[in-house]
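Chain residues, written in single-letter form:
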Amino acid sequence: MAASDGPLKGVKVLDLSRILAGPTCTQLLGDLGASVIKVENPATGGDDTRQWGPPYVTDADGNPTDLSAYFMAANRNKKSVAIDIATPEGQAQIRRLASRADILIENFKPGGLAKYGLDHETLSRDFPGLIYCSISGYGQTGPNAAKPGYDLMAQGYGGIMSLTGEPDGAPMKVGVGIADVMCGMYATVGILAALRHRDQTGEGQQIDIALVDSQIAWLINEGVNYLTSGQVPQRRGNGHPNIVPYDVYETADGHVILAVGNDSQFQRFCGFLELSHLPDDARFATNPARLEHRDALNAVLRPALQRLETEAVIDGLEALKVPVGPVQTLDQVFASDQVAARGMQVDMPARPGPVRLIGNPLKLSRSPVTYRSAPPEFGADTQAVLNAENPFED
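The model shown is predicted, which means the values in this text are computed figures rather than measured ones.

A. Fine view of the sheet that holds strand S9 (residues 246-250). Reading across the sheet, the three strands line up as S9-S10-S11 and stay open at both edges, with antiparallel pairing between neighbours. The strands lining the two open edges of the sheet, one partner per strand, are S9 and strand S11 (324-326). Recorded for the sheet is a direction-independent mean angle of 25 degrees between the axes of neighbouring strands. As judged from the three bridges shared by strand S10 (residues 255-259) and S11, these two strands associate in the antiparallel manner. Across the sheet, residue Leu258 finds its bridge partner in S11, namely Val324. In the packing of helix H12 (residues 294-306) onto the sheet, contacts are made with S9 and S10, and the angle to S9 comes to roughly 45 degrees.

B. Expanded view of the environment of Pro323. In this structure, Pro323 sits in the loop between helix H13 (310-319) and S11. With a relative accessible area of 30%, Pro323 lands in the partly exposed category. Separated by 54 residues in the primary sequence, Pro323 and Phe269 have C-alpha atoms spaced 9.4 Å apart.

C. Up close: the pattern of salt bridges. A complete count under the given rule lists 15 salt bridges for this structure. When the shortest N-O distance is used, the salt bridge between Arg50 and Asp66 registers 3.2 Å. Here the residue Arg50 occupies a position in the loop between strand S2 (35-40) and strand S3 (56-58), and Asp66 occupies one in strand S4 (residues 64-68), the gap between them amounting to 16 residues. The pair formed by Arg50 and Asp66 is uniform in burial state, with each residue classed as buried. For Asp263, the salt bridge is made with Arg290, and the minimal N-O distance between the two is 2.9 Å. With Asp263 in helix H10 (residues 263-272) and Arg290 in helix H11 (residues 287-292), the pair connects residues that are 27 residues apart, well separated along the chain. Through salt bridges with shared partners, a single ionic network connects Lys12, Asp102 and Arg198.

D. Geometry of the sheet that holds strand S1 (residues 12-16). Read across the open sheet, the six strands follow the order S5-S2-S1-S6-S7-S8; overall the sheet is parallel. The sheet is open, and its two borders are formed by strand S5 (79-82) and strand S8 (206-210), each paired with just one other strand. Neighbouring strand axes in the sheet, compared pairwise and without regard to direction, differ in orientation by 20 degrees on average. Taken together, the four bridges between S1 and S2 define a ladder with parallel strand orientation. Residue Lys12 lies in a different strand from S2, and its bridge partner there is Ser35.

Calculation notes
Within each chain, residue numbers correspond to sequence positions counted from 1 in written order. Local features in this predicted model are restricted to residues whose pLDDT is 70 or higher, and side-chain atom pairs enter the listing and the counts only when it is 80 or higher, whereas totals over whole chains, interfaces and linings include all residues. Calculated side-chain values reflect all of the structure's heavy atoms, with hydrogen atoms and water omitted. For two strands to pair, DSSP has to find at least two bridges joining them. By definition, any uninterrupted DSSP run of H or I lasting at least four residues is a helix, any uninterrupted run of E lasting at least two residues is a strand, and each is numbered from the N terminus. Between N-to-C directions, angles cover 0 to 180 degrees, with each direction set by a line fitted to C-alpha atoms, over the stretch in contact for helices. Whether two residues touch is decided by their heavy atoms; if any such pair falls within 4.5 Å, the residues are in contact. The cut-offs for exposure are 20% and 50% of the maximum accessible area for each residue type, with area from a 1.4 Å probe on protein chains only; residues under the lower value are buried, those over the upper are exposed, and the others partly exposed. When a carboxyl oxygen of Asp or Glu lies within 4 Å of a side-chain nitrogen of Lys or Arg, that pair is called a salt bridge.

Given below as structure tokens:
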């Protein structure tokens, strides 16, 4: 397979988004072979995340460039073009690019592009095959449509913060911008579905996706637990709402994760801890019983595990096929043989020097993802793209 190939080779993406949700989507499309032109505002020095550092990639003299680690996390396989859409010239440049594009992605406030003639209604009238993906905080409709949306607010409004953190602690966000990332993934799925529809009908369409909607969608079992029972779930730290023991436990020298998913695993687990009597106790014999008596069970398990070292617990339970694992720091993660085997760290050449990025998790046997270009410096491709007869060509 040639380096420029991929399942989406030939698909042309015009990216008017910034920060994380939209760029996550367009990087994923780019990894799959699409040609992505990222439009950045010259008045602000480009995507906001270029300034979200340190750390930054440094040049040969040790000076920071505009390639912050945050920006690089979601912007490989793209060309950067500086265009001021507030000007007639900039609007004309966007329209020219949109006329060649299959997909346009934007994350302006609902209605924010209408004053530039770059809204869905206007562009779809002129380019009926265009797939127009609009990402916003609360969506294009509803009472909150005009409110700005950021990951932290989406996590709060959508309920995940009420489920995250210690039982007696404050509501806690997830450690990364997961509402943004999941919104970008849902956007990618919607775009691929819209491409399929266009292939069959020739029709483009608008995809309206909101951070908050995405956040609510991935409440998953806790959301449906509430809808089924009417009981508002409570924070349980690392504990699971439906399985016990499924938690992080302290050991003599650290912590381990246990995920004991059925009664036979529980029996083997108890045998390892020399607590073989526990499965015979009616309070602990079944998972529903263990859920009801969670605190009583943990009062027995925690001191037993605290007497053992982490490696002994992991080795012993793995031998018994009881799900168990470590709690790794990022240096341990990226030094692991598993990361190397799965290609989850990639090194790419860039003008300032090599950059290290997180790999794409998709492993396609016939049309694998490709890493064709490192995250671009601001405006690096402006003249080449705007002067090209076919601006989306590599």
